[in-house]
Amino acid sequence: MTPEQNKTADKMKSVKAAWNKAPAGPKKDAALKHYQAAEKAHTAKNDAETNKELDAAKHALA
């Protein structure tokens, strides 16, 4: 894995952990949609899209 891929993988773990701790509700639901989109982009090896969706997921939880 490249350093960029490692950063993305770490970011995914971080966002997933934050999502797991979040209380149920519309913010968590919105974040889940973004996280799932990030997973899909990550599978397609699209780091830019993955990071964009992870940022959106973090923002939804804030």
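Because the structure is a prediction, the values reported are computed rather than measured.

Thresholds applied
- Residues numbered from 1 in each chain as written.
- Predicted model: local features only at pLDDT ≥ 70, side-chain atom pairs only at ≥ 80, totals over all residues.
- Heavy atoms only, no water.
- Salt bridge = Lys/Arg side-chain N within 4 Å of Asp/Glu carboxyl O.
- Helix = DSSP H or I, 4+ residues; strand = E, 2+ residues; numbered from the N terminus.
- Buried < 20%, exposed > 50% of the residue type's maximum accessible area, 1.4 Å probe, protein only.
- Contact = heavy atoms within 4.5 Å.
- Expected span 1.5 Å × (residues − 1).
- Axes fitted to C-alpha atoms, helices over the stretch in contact; angles between N-to-C directions.
- Parallel < 35°, antiparallel > 145°, perpendicular 65-115°, else oblique.
- Nonpolar A, V, L, I, M, F, W, Y, C, P; charged D, E, K, R; others polar.

Chemist: I'd love a proper account of the pattern of salt bridges, names of residues and values included.
Modeler: Inspection of every chain in the model, using the stated rule, returns two salt bridges. The partner of Asp55 in a salt bridge is Lys11, with the nearest N and O atoms 2.6 Å apart. Here Lys11 lies in helix 1 (residues 3-21) and Asp55 lies in helix 3 (residues 47-61), a separation of 44 residues in the sequence. One salt bridge in this structure joins Lys52 and Glu49, with 3.6 Å as the shortest N-O distance. Of this pair, Lys52 and Glu49 both sit in helix 3, three residues apart, which is roughly one turn of the helix. Residue classification places Glu49 among the partly exposed residues on the basis of a relative accessible area of 27%.

Chemist: Tell me about the environment of Ala38, residues and numbers included.
Modeler: Within the secondary structure, Ala38 sits in helix 2 (residues 26-43). Linking Ala38 and Thr50, residues twelve residues apart in sequence, is a C-alpha distance of 4.4 Å. Sequence-distant contacts of Ala38, that is, excluding residues within four places in its chain, are made with Met12, Thr50, Glu53 and Leu54.

Chemist: If you had to explain helix 3 to someone new, which residues and values would you point to?
Modeler: For an α-helix, 3.6 residues make a turn, and residues three or four places apart therefore share a direction. Helix length check: helix 3 (15 residues) gives 21 Å between terminal C-alpha atoms against 21 Å at 1.5 Å per residue, within 8%. Packed against the buried residues of helix 3 are helix 1 and helix 2.

Chemist: Which residues make up the packing of helix 2 against helix 3, and what are the values?
Modeler: Put simply, helix 2 and helix 3 touch, their axes get as near as 8 Å, and they point 170° apart. Relative to helix 3, the element helix 2 is oriented roughly antiparallel. Across from Lys27, Lys28, Ala30, Ala31, His34, Tyr35, Ala37, Ala38, Ala41 and His42 in helix 2, the residues of helix 3 making contact are Asp47, Glu49, Thr50, Glu53, Leu54, Ala56, Ala57, Ala60 and Leu61. Class assignment of the residues belonging to the contact of helix 2 with helix 3 gives a composition of eleven nonpolar, three polar and five charged.

So, to be careful, I would describe these as geometric facts and stop short of saying anything about function.
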